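Chain and residue survey
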Amino acid sequence: MNISIRHASKSFGGRSLWENINIDFPTAGISCITGVSGSGKTTLFNCVGALDTLDSGTITFRDVEISSLRSRQRRLFRWAMVGYLFQDYALIPDRSVSYNLALATEGRKATREAMSMALDDVGLAGFERKKVHELSGGEQQCVALARLILKKPSLILADEPTGALDDSNAIMVMKKLRGLADDGATVVIATHSRLVTEHSDVSIDLGKFITA
């Protein structure tokens, strides 16, 4: 198993979100986390992605115990290992596609050729100079996917990545995530979408860990 969560508990605002979670996510596969609003899907994501910390328990990814990392170590872990895909795309709308891709690869110096190849891979050949606000929602999510292709993260965390898309674009996103998983990435998706769960290898209902 690639991600191992053991005896994990977390509270927020004085309320216990979940406790004693024991979950494994497979290597080079797609896992989805489901659950009602307020069940703590995004909070669990943030803990796995080293943006937040557990109250108790451990999270291990490829022999790295994320839950014990210090602040600087968490930043380095995110930079080196983690890629994100969000429902709102997390792009800078008034800047070009190439500018947004360059930001994602800061420190790695992705070449123009590499950017062009990534955009071509998601069906956006020749879009380098277009402003993000000129693109449709589906096209913006394709830019976000190209960003992942360039970064080549070992761990991809996707928070409702198809929530704002129609079925055809949602299927396209899942196919690209499947390709990244087949190339060795561990993909974890928080979702309410049945389409996403049907295209995933593992589905975990976080609701069963909610405390009364």
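For the structure itself, consult the block above.
Remember, predicted model here, so these are calculated numbers, not experimental data. (Residues numbered from 1 in each chain as written. Predicted model: local features only at pLDDT ≥ 70, side-chain atom pairs only at ≥ 80, totals over all residues. Heavy atoms only, no water.)

With that settled, the discussion passes to the nonpolar core. Membership of the largest hydrophobic core comes to 38 residues, with the highest contact counts inside it found for Leu85, Leu101, Leu145, Leu177 and Ile189. Looking at which element gives the most residues to this core, the answer is helix α5 (residues 137-151), with eight residues. (Core = buried A, V, L, I, M, F, W, Y, C linked by side-chain atoms within 4.5 Å. Buried < 20%, exposed > 50% of the residue type's maximum accessible area, 1.4 Å probe, protein only. Helix = DSSP H or I, 4+ residues; strand = E, 2+ residues; numbered from the N terminus.)

For the pair helix α3 (residues 97-104) and α5, the least separation of the axes is 9 Å and the interaxial angle reads 40 degrees. By the criterion of interaxial angle, the relationship of α3 to α5 is oblique. When you trace α3 past α5, the crossing you get is right-handed. Residues Val97, Asn100, Leu101 and Ala104 of α3 pack against Val143, Ala146, Arg147, Leu150 and Lys151 of α5. Looking at the contact of α3 with α5, its residues break down into six nonpolar, one polar and two charged. (Axes fitted to C-alpha atoms, helices over the stretch in contact; angles between N-to-C directions. Parallel < 35°, antiparallel > 145°, perpendicular 65-115°, else oblique. Left-handed = near helix turned anticlockwise from the far one by under 90°. Contact = heavy atoms within 4.5 Å. Nonpolar A, V, L, I, M, F, W, Y, C, P; charged D, E, K, R; others polar.)

Before going further, it helps to spend a moment on the sheet that holds strand β9 (residues 202-205). Reading across from one edge, β6-β7-β8-β3-β9 is the order of the five strands in this open sheet, with parallel pairing throughout. Looking at strand neighbours, the two that pair on one side only are β6 (82-86) and β9, the edges of this open sheet. Adjacent strand axes in the sheet meet at a mean angle of 20 degrees, parallel and antiparallel pairs treated alike. For strand β7 (residues 155-159) and strand β8 (residues 186-190), the ladder comprises five bridges, and the chain directions are parallel. In the sheet register, Asp159 faces β8, and the bridge partner there is Ala190. Across the sheet, helix α1 (residues 41-48) lies against β3 (30-34), β7 and β8, angled at about 160 degrees from β7, the strand it touches most. Helix α2 (residues 71-81) rests against β6 and β7 of the sheet, and its axis sits at about 75 degrees to β6. (Pairing = 2+ DSSP bridges.)

On to the packing of aromatic side chains, then. All told, the structure shown has two aromatic pairs when counted by the stated rule. Ring centres of Phe61 and Phe77 lie 6.2 Å apart, and the angle between their planes is 80 degrees; on these two criteria the pair is classed as edge-to-face. A residue pair is termed long-range when its members are at least 10 positions apart, and Phe61 in strand β4 (residues 56-61) and Phe77 in helix α2 qualify at 16 residues. For Phe61, a relative accessible area of 0% gives the class buried. Relative accessible area serves as the criterion here: at 7%, Phe77 is assigned to the buried category. Arranged with centres 5.6 Å apart and planes meeting at 10 degrees, the rings of Tyr84 and Phe86 form a pair that is stacked. Between Lys130 and the ring centre of Phe127, over which it is positioned, the NZ or CZ distance is 5.3 Å. (Phe/Tyr/Trp six-rings, centres within 6.5 Å; stacked < 30°, edge-to-face > 60°. Lys NZ or Arg CZ within 6 Å of the ring centre and 35° of its normal.)

Phi is positive for His7, close to 50 degrees, though the residue is something other than glycine. By the secondary structure assignment, His7 is in strand β1 (residues 3-12). The backbone of Ala50 sits at a positive phi, close to 65 degrees, despite the residue not being glycine. Considering the arrangement of structural elements, one finds Ala50 in the loop between α1 and β4.

To continue, consider the packing of α5 against helix α6 (residues 167-182). A pair of packed helices is characterised by two quantities: the angle between their axes and the separation of those axes. Following both chains from N to C, one finds α5 and α6 inclined at 5 degrees, their axes separated by 10 Å at the closest point. Viewed along their axes, α5 and α6 adopt a mutual orientation that is roughly parallel. On α6, the residues that touch Gly138, Gln141, Cys142, Leu145, Leu148 and Ile149 of α5 are Asn169, Met172, Val173, Lys176, Leu177 and Leu180. Grouping the constituent residues of the contact of α5 with α6 by class yields eight nonpolar, three polar and one charged.

Now for α6. Residues lying three or four places apart along an α-helix face the same way, a consequence of the helix completing one turn every 3.6 residues. With 16 residues, α6 extends 22 Å between its outermost C-alpha atoms, agreeing within 8% with the 22 Å of an ideal straight helix rising 1.5 Å per residue. Contacts from the buried residues of α6 go to β3, β6, α5, β7, β8 and α7 (194-198). With its phi angle positive at about 120 degrees, Gly184 sits one or two positions after the end of α6. (Expected span 1.5 Å × (residues − 1).)

Residues Ile92, Tyr99 and Leu103 make up a contiguous nonpolar surface patch of roughly 220 Å² in combined accessible area. Within the element layout of this structure, Leu103 appears in helix α3. (Patch = residues over 30% accessible without salt bridge, like charges linked within 9 Å, V, L, I, M, F, W, Y side chains within 5 Å. Areas by Shrake-Rupley, 256 points an atom, 1.4 Å probe, with all protein chains shown as cover. Salt bridge = Lys/Arg side-chain N within 4 Å of Asp/Glu carboxyl O.)

Taken in spatial order, the four strands line up as β2-β1-β4-β5 in an open sheet, and their pairing is antiparallel. Edge positions in the sheet fall to β2 (15-25) and β5 (64-65), since each of these pairs with one other strand and no more. By the bridge criterion, five bridges tie β1 to β4 in an arrangement that is antiparallel. Across the sheet, Ser4 pairs through a bridge with Thr60, a residue of β4. In this fold α1 packs onto β1, β2 and β4, with an angle of close to 125 degrees to the strand it touches most, β1.

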